[in-house]
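# Tertiary structure, described
Chain by chain, the residues run as shown.
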Amino acid sequence: MKLYITRVILGAFILFTTFLSAQSLSKNQFQVKGNCEMCKERIESTAKKTGAKTAVYSIDSQTLTFETNENVSSDQILLKVAEAGHDNEKYKATDDSYKNLPGCCHYQRDSKPHSDLVEDHGHSKNENEFFVKGNCGSCKARIEKAAKDAGADSAEWNAEKQTVQLQFNDKKTSADKILMKIAEVGHDNERYKTTENVYSKLPSCCLYDREIPFGEANPKVHTDEGEKKSQHADEANDEHDGHAHNEKTIDGVTVTATKAATSLSKKEAGLTFNIDSKELLKAACCNLSESFETNATVDVSFSNAVTGTKQLKMLGLDQKYTSLTKELLPEIRGIASAYGLNLIPGRWIESIQLTKGGSTVTNGYESITGQINTELIKHSEKSETALNLFADFNGRAEANITHVEPINEHWTQTFLLHGNGTFGDTDMNEDTFLDRPKGTQINAAYLLNYNDLGHSGFGSHFGINFVRDERTAGQIGFDRKLPQNQQSLYGVGIDISRFQVWNKTGYVFKGKPYQSLGWMNQYVYHQQDSFFGLRNYSGQQQTYYSNLIFESIIGNTNHKYKAGASFMYDVYRENYLTDDFKRNEMVPGAFGEYTLTGTKYTLVAGARVDFHNLAGTQFTPRLNFKYDFTPKTILRLSAGRGFRTASVFAENQQYFASNRSVQIMQNGGNIYGLKPEIAWNYGASLQQEFKLFGKKSTIVADFFRTDFQDQVLVDLDRSPQQLVFYNLNGKSFANSFQTQWDFTPFKNFDVRLAYKYYYVQADYLDGRRQVPFMAKHRGFVNLAYATNKNKNEGFWSFDTTLNLVGKQRLPNTSTNPAEFQIPQFSESYAILNAQISRNFNKRIRAYLGGENLTSYHQKNAIVDFRNPFGNYFDGGMVYAPIMKANFYVGFDVSF
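Owing to the predicted nature of the structure, the values given are computational and were not obtained by experimental measurement. (Residues numbered from 1 in each chain as written. Predicted model: local features only at pLDDT ≥ 70, side-chain atom pairs only at ≥ 80, totals over all residues. Heavy atoms only, no water.)

### Quick look at the sheet that holds strand E17 (residues 329-330)
- Judged by pairing direction, the sheet is mixed, and its six strands sit side by side in the order E11-E12-E18-E19-E16-E17 without closing on themselves. Sheet topology places strand E11 (262-264) and E17 at the edges, where each strand pairs with a single neighbour.
- The pairing of E11 with strand E12 (residues 271-276) spans three bridges and is classified as antiparallel. Counted as the bridge partner of Leu 264 is Phe 273 from E12. (Pairing = 2+ DSSP bridges. Helix = DSSP H or I, 4+ residues; strand = E, 2+ residues; numbered from the N terminus.)

### Description of the sheet that holds strand E4 (residues 129-131)
- The strand order E4-E6-E5 describes an open sheet built from three strands, whose pairing is antiparallel. In this open sheet, the two strands that pair with only one neighbour each are E4 and strand E5 (154-158). Pairs of neighbouring strands in the sheet enclose a mean axial angle of 25 degrees, with direction left out of account. (Axes fitted to C-alpha atoms, helices over the stretch in contact; angles between N-to-C directions.)

### Digging into the pairing of strand E25 (residues 491-508)
- For strand E24 (residues 458-474) and E25, the ladder comprises 17 bridges, and the chain directions are antiparallel. Within the sheet, the bridge partner assigned to Phe 466 lies in E25 and is Phe 499.
- As paired strands, E25 and strand E26 (residues 516-532) are joined by 17 bridges and run antiparallel to one another. Residue pairing for E26: Asn 503 is matched across the bridge by Asn 521.

### Some remarks on a nonpolar patch on the surface
- Residues Phe 393, Leu 848, Leu 853, Phe 887 and Val 889 make up a contiguous nonpolar surface patch of roughly 430 Å² in combined accessible area.
- Residue position: Leu 848 is located in strand E44 (residues 844-851). (Patch = residues over 30% accessible without salt bridge, like charges linked within 9 Å, V, L, I, M, F, W, Y side chains within 5 Å. Areas by Shrake-Rupley, 256 points an atom, 1.4 Å probe, with all protein chains shown as cover. Salt bridge = Lys/Arg side-chain N within 4 Å of Asp/Glu carboxyl O.)

### Side note on helix H5 (residues 137-149)
- Between the first and last C-alpha of H5 there are 18 Å, a value that for 13 residues agrees with the 18 Å anticipated at 1.5 Å per step.
- Of the residues making up H5, those classed as buried are Gly 137, Cys 139, Lys 140, Arg 142, Ile 143, Glu 144, Ala 146 and Ala 147. (Expected span 1.5 Å × (residues − 1). Buried < 20%, exposed > 50% of the residue type's maximum accessible area, 1.4 Å probe, protein only.)

### Describing the side chain of Glu 689
- Mapped onto the fold, Glu 689 is located in strand E34 (residues 677-692).
- Note on Glu 689: relative accessible area 10%, which makes it buried.
- Within polar-contact distance, the side chain of Glu 689 engages the side chain of Lys 266 at 3.5 Å.
- Other than its neighbours up to four places away in sequence, Glu 689 contacts Lys 266, Lys 632, Lys 696, Ser 697 and Thr 698. (Polar contact = N/O pair within 3.5 Å; in protein donor to acceptor, adjacent residues only side chain to side chain. Contact = heavy atoms within 4.5 Å.)

### Some points on the pattern of salt bridges
- Per the counting criterion, the structure on display carries 50 salt bridges.
- Across the pair Asp 188 and Arg 210 runs a salt bridge, and its minimum N-O distance is 3.0 Å. Here Arg 210 lies in the loop between helix H7 (196-200) and strand E7 (221-222) and Asp 188 lies in the loop between helix H6 (175-184) and H7, a separation of 22 residues in the sequence.
- A residue is classified by how much of its surface remains accessible, and Asp 188, at 3% relative accessible area, is buried.
- Of the residues examined, Arg 210 reaches a relative accessible area of 9% and is grouped as buried.
- Measuring nitrogen to oxygen at the nearest pair gives 2.8 Å for the salt bridge that ties Arg 480 to Asp 495. Note that Arg 480 is positioned in the loop between E24 and E25 and Asp 495 in strand E25, a separation of 15 residues in sequence.
- A relative accessible area of 30% places Arg 480 in the partly exposed class.

### Concerning the pairing of E12
- Burial runs high along E12: five of the six residues are buried.
- Where E11 folds back on E12, the antiparallel hairpin that results is connected by six residues.
- Of the pairings in the sheet, the one linking E12 to strand E18 (residues 349-356) comprises six bridges and is antiparallel in character. Across the sheet, the residue bridging to Asn 274 is Gln 353, located in E18.

### Comments concerning the side chain of Lys 310
- Tracing the sequence through the fold places Lys 310 in strand E14 (residues 310-314).
- For Lys 310, a relative accessible area of 17% translates into the label buried.
- Leave out the neighbours within four places in its chain, and Lys 310 touches Ser 289, Glu 290, Glu 293, Val 300, Ser 301, Phe 302, Ser 303, Ala 338 and Leu 341.

Spelled out as structure tokens, the structure:
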């Protein structure tokens with residue numbers, strides 16, 4: 001009984017206490033801006049930490065309801081909520097607090113602060129003044145036009161303050177509508193952020209830094225108050241080799257935008273270089289194989305003395321281990337491996353993205369040493385046609401016509417036409433063989449682009465390309481019209497036909513700019529018919545490729561993911577001598593990739609699984625990590641796996657111009673009896689920026705290692721009369737170290753220095769050896785200078801590149817007669833290229849250049865050239881240029 005009475009008294013006491021407590025609490029409800037569940041959690045927890053007894057936030061009604069006692073005021077709580085990043089009816093958050101919110105929490109903001117208690121640390125602004133990012137005069141014109149198109153009576157963008165001052169009738173439009181329109185044309189502002197697709201299509205001078213907080217100074221905008229406008233005008237639009245400067249006087253303010261012709265992306269987790277079309281103008285750059293003459297990362301090698309072909313090498317390994325894509329679609333692979341670089345004209349290229357080491361899993365499984373992606377010309381704000389004419393002093397000529405035309409607000413079309421011909425008999429080493437093939441190429445493409453991502457969310461790109469290339473090489477005087485067995489002179493004929501059609505379509509979900517769906521499809525038909533003396537080789541490849549990618553976030557934009565599926569179908573038909581080789585490769589696959597972004601780090605982890613009908617199920621994980629010790633000191637780490645099926649005939653055609661017999665030592669695999677190649681790549685790099693001579697300077701040092709499993713070795717050492725293929729049984733690895741220093745000693749003068757060290761070895765059947773034709777040491781120097789522009793925007797530019805190549809191990813020919821033996825190691829040598837160009841104005845440019853000005857050339861590039869049908873003839877022992885100095889001239893005009 002006593003226990004029961006005690007419980008009743010205790011219960012009554014608790015009820016009474018609760019009642020008294022409730023009587024002392026006050027209930028409040030206020031408008032608070034927010035978007036999502038993360039906002040809800042942040043707002044409620046902030047209110048409770050400040051002293052609210054209860055706090056409930058409604059996303060739908062944008063209200064915060066909370067209870068407080070007498071000791072805590074509603075103002076205290078709303079102030080803390082604003083400091084956490086959420087505008088409310090009493091206080092407005094600082095721009096920094098708002099910016100630091102995850103992307104999904106970026107709600108729509110009002111323009112006017114509700115209290116001075118929360119200070120805006122940016123520029124002091126008027127009621128209708130808003131932060132809008134931009135760089136130059138083109139930005140100003142675009143921003144102000146967009147504002148007026150949205151209904152503003154007047155708009156004045158200030159480059160120094162990074163703000164736009166608006167005047168408008170609020171019955172006809174609103175600040176919200178105007179700022180949305182400004183974002184749609186490409187300019188981030190304090191309320192709306194433009195899409196990455198729209199931003200990337202801005203002219204290079206307009207690509208502002210998206211990471212700078214609103215209110216902070218834009219370092220690309222400089223004010224020189226002491227100088228007269230005429231002085232500014234004389235230096236306006238200063239454009240020089242290596243950098244593009246665009247200056248314009250706006251109310252006494254000189255706006256300067258600088259974008260390097262080649263830049264290392266600071267945002268990417270991988271080591272990615274962006275190569276602008278201006279970089280390609282530094283050299284002849286007639287096709288993709290010549291697009292890297294001023295680039296220190298990619299090595300360009302001559303692989304055959306008879307056909308004159310060039311190959312790329314990266315991280316100390318052959319081109320076949322680098323994923324070569326066009327518009328992010330598989331491009332140079334399989335049958336196209338040997339000559340595909342010649343089929344992409346240099347003047348068609350808008351930009352190149354070069355990634356060292358393992359790239360993203362979304363682009364496939366074949367990337368081992370990196371990826372080189374080529375983007376074709378397809379962006380222009382107005383109709384523009386460009387004509388390029390080129391000729392060298394040894395009988396090579398080419399013409400390029402590009403035309404980009406905006407059809408309307410959403411549609412743009414591009415016409416690309418290229419033709420070249422080599423007509424002269426060039427034999428600088430007097431061995432009776434042409435130093436490069438004669439022949440012609442006709443190449444045409446049409447691109448159609450649709451962009452309505454800002455409204456409907458849809459965007460699409462369509463392309464079609466046809467190439468016909470015919471080449472004749474061999475001894476001077478060889479008659480292509482006669483069969484080889486009816487003449488004594490040795491000849492080579494290579495005829496290529498290529499057709500491809502592709503489409504990329506994307507959709508950005510409405511109200512969710514972080515969520516998108518993309519689908520890419522491509523069909524390629526590639527046919528090669530060729531002969532090398534009495535040997536014939538023909539290859540046909542048909543490829544269908546499809547890739548579906550979904551991208552979204554987990555909670556907020558600090559956690560992004562991609563997921564999708566791909567399908568690759570290759571049909572190969574090859575004929576070598578009397579043997580036919582046929583195979584169909586069918587590869588469905590699925591992948592996922594997660595990106596974690598912190599204040600100082602970015603982690604990208606991905607994996608894919610592919611079900612290859614001939615190579616079996618393959619699992620491909622890849623990891624990239626970036627850590628910013630400071631904004632100028634960046635560490636990157638990477639690791640990943642890749643695999644590929646070797647096309648042994650197509651990838652080694654440089655050895656067909658010889659009398660080596662081909663032997664494949666089968667190993668139970670399903671591709672020529674060989675297993676697929678598997679490799680792991682690991683890398684680390686350190687990027688350091690600093691000021692030198694008051695200007696930006698960058699040093700990058702990187703190390704990569706590649707380890708192979710079941711690599712298909714090309715053994716040239718077993719016998720000078722044999723070409724042997726077999727799977728690796730042991731170890732094969734490549735160590736690559738590179739350091740590169742870019743700096744500007746004085747205005748308009750850019751310097752790029754690099755050193756590379758390669759250590760590449762493999763366990764061949766008779767022991768471990770250094771892989772042939774790979775120099776351990778390489779040096780690189782590029783110097784670029786340009787004069788200031790004159791009043792007609794004319795200027796001179798000068799560019800020179802020096803490549804230093806150390807000695808290379810050469811294949812063993814000790815069993816040949818003494819006169820047909822080559823040294824165990826090659827000589828070291830240097831190659832100097834230079835170009836002078838004159839821009840007469842914006843539209844007309846002429847240039848003169850020289851290649852291999854040191855005239856170093858391999859004197860005995862062809863073994864036993866006097867007897868091309870004999871046992872010792874070999875045109876594949878090439879380690880250096882074949883031709884001496886060669887000069888060229890060119891002319892560009894746009895209208």
